[in-house]
Amino acid sequence: MSQQGSLIGRIALVTGSGSGIGKAVAERFAIEGARVIIADRDATAARETAERIGDSARAVVMDIADEQSVVDAFAELTAADLAPNVVVANAGVQLFGSDAPIADLELDTWRRTIDVNLTGTFLTVKHAVRSMLTTGGGSIILTGSPTGINGEGRDFTAYSSSKAGIHGLGRAVAAAYAEQNIRVNTVVPGYTETPLVTAISSDREARAAITSRIPLGRPGTPADVCGAMVFLAGDDAAFATGALFTVDGGMTTL
Ligand SMILES: NC(=O)c1ccc[n+]([C@@H]2O[C@H](COP(=O)([O-])OP(=O)(O)OC[C@H]3O[C@@H](n4cnc5c(N)ncnc54)[C@H](O)[C@@H]3O)[C@@H](O)[C@H]2O)c1
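Predicted model only: the values in this text are computed from it and were never measured.

## Quick word on the site of the ligand
Taken together, 31 residues sit near the ligand, with Gly16, Gly20, Gly92, Thr194 and Leu196 positioned nearest. Of all elements in the fold, only helix 1 (20-31) and helix 4 (107-135) reach the threshold of two or more residues within the shell around the ligand. Counting residues per element, the shell around the ligand draws most heavily on helix 1, at three residues. Of the residues in the shell around the ligand, the class split is 13 nonpolar, 14 polar and four charged.

So, in structure tokens, the structure goes:
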């Protein structure tokens, strides 16, 4: 059955929607009838995504690792009568080439990863919750990773730690604010070919190796992640909170 129009009336802010998964999710949310806020630290990318979507999109420059930037973005939206009732905390980084097994991991790489992925998600969710407490609630969706669940993260100490932290953050916030009508869930995309993972997708051997560990036998695409996001954003997920939703081709079953 078509879910066309399942997000009519929603105002959905998607961080990191200048690229990859966030961009696909914002585009799909707009197709489903939502007003979408394209939030990214890359102003050009945010503007381009918003222009592709058209009138139902608005670009906002927001660096999730900088609390003032997050505060300013929510204030700008509230002033424009666009306080979001859906927030997808999706922006993240993975520092291929410098993330490493712990004996070789520089503190700077650890900090740059944690600052964006975990602290940035914390700041996004903190201010989303504050806003939703004044507007009657909403749905918050975090973006986790298989590396926060099982052994995929051997070479990604900082990234895996940041994503496991996000999974814990989602459970804690879901439990704390359920009574205030705020649902919080985490989508766990598997290996999904976006600019983030060019280091793997452009390396034939690395791509074949990771694909061999995906039971459904292929890499994911940003479009693969959209259905779970639409479901969690909308009323069909009214009784879902505090959960992890893997969209990984079965990778975490192995
Ligand atoms: N691609 C994968 O295989 C995969 C797998 C699991 C999880 N994820 C997660 O999905 C999310 C999206 O990843 P993607 O693959 O689409 O990456 P991407 O690199 O294509 O897009 C990430 C976007 O986030 C933005 N961004 C980065 N730091 C930011 C900051 N401090 N403030 C605001 N925006 C910022 C970037 O400008 C970019 O537009 C990330 O959290 C990533 O960890 C990706």
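## What about helix 1?
Helix length check: helix 1 (12 residues) gives 17 Å between terminal C-alpha atoms against 16 Å at 1.5 Å per residue, within 8%. Gly33 occupies a position one or two residues after helix 1 and carries a positive phi of about 100°.

## Overview of the packing of helix 1 against helix 8 (residues 222-233)
Packed helices, taken two at a time, are described by the angle their axes make and the gap between the axes. For the pair helix 1 and helix 8, the least separation of the axes is 9 Å and the interaxial angle reads 55°. In terms of axis orientation, helix 1 runs oblique to helix 8. Judged by the twist between their axes, the crossing of helix 1 over helix 8 is right-handed. Across from Gly20, Ile21, Lys23, Ala24, Val25, Arg28 and Phe29 in helix 1, the residues of helix 8 making contact are Pro222, Ala223, Val225, Cys226, Met229, Val230 and Ala233.

## So, the nonpolar core
Of all hydrophobic cores here, the largest spans 60 residues; its most connected members are Ala12, Val36 and Ile38. In this view, Ile38 contacts Val14, Ser17, Gly18, Ala26, Ala46, Thr49, Ala50, Ala57, Arg58, Ala59 and Val60; residues no more than four positions away in its chain are not counted.

## As for unusual backbone geometry
One non-glycine residue with positive phi stands out, namely Asp81, at about 65°. Secondary-structure assignment places Asp81 in the loop between helix 3 (67-79) and strand 4 (86-89). With a phi close to 65°, Asn181 is a non-glycine residue in the positive phi region. Checked against the element boundaries, Asn181 lands in the loop between helix 5 (157-177) and strand 6 (182-189).

The rules behind these values
Residues numbered from 1 in each chain as written. Predicted model: local features only at pLDDT ≥ 70, side-chain atom pairs only at ≥ 80, totals over all residues. Near = placed C-beta within 6 Å. Helix = DSSP H or I, 4+ residues; strand = E, 2+ residues; numbered from the N terminus. Nonpolar A, V, L, I, M, F, W, Y, C, P; charged D, E, K, R; others polar. Expected span 1.5 Å × (residues − 1). Axes fitted to C-alpha atoms, helices over the stretch in contact; angles between N-to-C directions. Parallel < 35°, antiparallel > 145°, perpendicular 65-115°, else oblique. Left-handed = near helix turned anticlockwise from the far one by under 90°. Contact = placed C-beta atoms within 7 Å. Core = buried A, V, L, I, M, F, W, Y, C linked by C-beta atoms within 7 Å. Buried ≥ 20, exposed ≤ 12 C-beta atoms within 10 Å, placed from the backbone.

Distances and angles like these do not, on their own, reveal function.
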